[in-house]
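Fold and geometry: a report
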Amino acid sequence: MSSEQFHKITKGEPPRELAKKIIKYINNDCLILDCGSGAGNDAIFFASQGYKVIALDKETKVLENRLKSLSDIKDRITVIESDIMDFEFKEIGCFYSSLTLSFLSRKNFYILWSNIRHKLKKHSVIGINIFGNRDEWFRETDDMTFMDKEEFASLFTGFTILEFLEKEKLGTCMGENGMTKDKKWHIFECIAKL
Ligand SMILES: C[S@@+](CC[C@H](N)C(=O)[O-])C[C@H]1O[C@@H](n2cnc3c(N)ncnc32)[C@H](O)[C@@H]1O
């Protein structure tokens, strides 16, 4: 399934729990980067709470169309169509990424993580999740990134951990044809401060 198809199906879904949690830890004037913003459900949520947001995704048509009818908040959302690997981290106070970073190769994930560690301002807040090694999609591969608990936790060495969660559950996902199908999920999630 293409990103655009996924965005068409998921547009209008409620914000992710991670999005609702992270705003407890950031100030009103904090600029949020929503990395892999998809249909924009979380970016729209952040903007509706008064935050300025950069919604970055390699495919942004669906979100751009949605914003045309959201005149009350659209000025707070800057949409950037780009690969995350090309993004410059200036001015960001919060790096947020839901269900996206596992789609990077391990090499790119660690380049990005090094940028997060070294280029984000001190006290920036980071909220991410990564697929775990018991996820149904887990495979030994270099083109996606899965982690065990030890590796995921080690990302945050030197950070202040605000929330850490491991979720393992039977649920559903979107199949190639856009229909939902059963899936075993295993996800690590963390909100931390630099
Ligand atoms: C599974 S979707 C998650 C979307 C949204 N964050 C959510 O929680 O529903 C992953 C998103 O990441 C985007 N994406 C994947 N790799 C990317 C990259 N290298 N640069 C920018 N966006 C990327 C895809 O286009 C897609 O919108």
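Per an unreviewed UniProt entry, the recorded name for the protein is Methyltransferase domain-containing protein, and the organism is Lutispora thermophila DSM 19022.

Residues Leu33, Phe95 and Ile128 are the most contacted members of the largest nonpolar core, which totals 28 residues. Counting residues per element, the ones that place at least two in this core are strand E1 (31-35), strand E2 (52-57), helix H5 (106-119), strand E5 (125-132) and strand E8 (180-193). Beyond its immediate chain neighbours, meaning those up to four positions away, Ile128 contacts Leu18, Phe95, Ser97, Leu101, Trp113, Phe152, Leu155, Phe156, Phe188, Glu189 and Cys190. Counting residues in hydrophobic clusters, the runner-up holds 23 residues, among them Leu18, Ile22, Phe46 and Ile77.

By the element assignment, Met147 lies in strand E6 (residues 146-147). Its relative accessible area of 0% is what places Met147 among the buried residues. C-alpha separation for the pair Met147 and Ile130, spaced 17 residues apart in sequence, amounts to 7.1 Å. Sequence-distant contacts of Met147, defined by excluding residues within four places in its chain, comprise Phe109, Tyr110, Ile130, Phe131, Gly132, Asn133, Phe152, Leu155 and Phe188.

Attention shifts here to the side chain of Asp135. Along the chain, Asp135 turns up in the loop between E5 and E6. A polar atom in the side chain of Asp135 sits 2.9 Å from the backbone nitrogen of Trp137. In terms of polar contacts, Asp135 uses its side chain to reach the side chain of Lys183, at 2.8 Å. Not counting residues within four places of it along the chain, the set of residues in contact with Asp135 comprises Phe146, Lys183, Lys184, Trp185 and His186.

Another point: the site of the ligand. Within the structure, the ligand sits among 16 residues, and Ser3, His7, Arg16, Gly36 and Asp57 are positioned closest to it. His7 places a side-chain nitrogen or oxygen 2.6 Å from an oxygen atom of the ligand. Between Ile84 and the ligand, the recorded distance is 2.9 Å, taken from a backbone N or O atom to a nitrogen atom. Against a free-state accessible area of 590 Å², the protein chains account for coverage of 91% of the ligand. The greatest single-element share of the shell around the ligand, amounting to three residues, is contributed by helix H1 (residues 3-10). Tallied by class, the residues present in the shell around the ligand amount to five nonpolar, seven polar and four charged.

Rules used throughout
Along each chain, residue indices are assigned from 1 in the same order as the chain's sequence is written. Whole-chain, interface and lining totals are the exception, using all residues; otherwise, since this is a predicted model, local features are given only for residues with pLDDT of at least 70 and side-chain atom pairs are given and counted only at 80 or more. Side-chain descriptors were evaluated using all non-hydrogen atoms of the structure, hydrogens and water having been removed beforehand. Here, nonpolar core refers to any group of buried Ala, Val, Leu, Ile, Met, Phe, Trp, Tyr and Cys residues whose side-chain atoms link them within 4.5 Å. A simple rule labels every residue: compare its accessible area, found with a 1.4 Å probe on the protein chains alone, to the largest value its type can have, and call it buried under 20%, exposed over 50%, or partly exposed in between. Only DSSP runs of H or I with at least four residues qualify as helices, and only runs of E with at least two residues qualify as strands; both kinds are numbered from the N terminus onward. The contact rule is simple, with two residues in contact once any of their heavy atoms fall within 4.5 Å. Pairing of N or O atoms within 3.5 Å defines a polar contact, subject to two protein rules: one partner must be a possible hydrogen donor and the other a possible acceptor, and residues neighboring in sequence count only if both atoms are side-chain atoms. We call a residue near a molecule or strand when any one of its heavy atoms sits within 4 Å of it. Residue burial considers only the protein chains on display, and all accessible areas are found by Shrake-Rupley using a 1.4 Å probe. Basically, the charged four are Asp, Glu, Lys and Arg, the nonpolar ten are Ala, Val, Leu, Ile, Met, Phe, Trp, Tyr, Cys and Pro, and anything else, Gly included, counts as polar.

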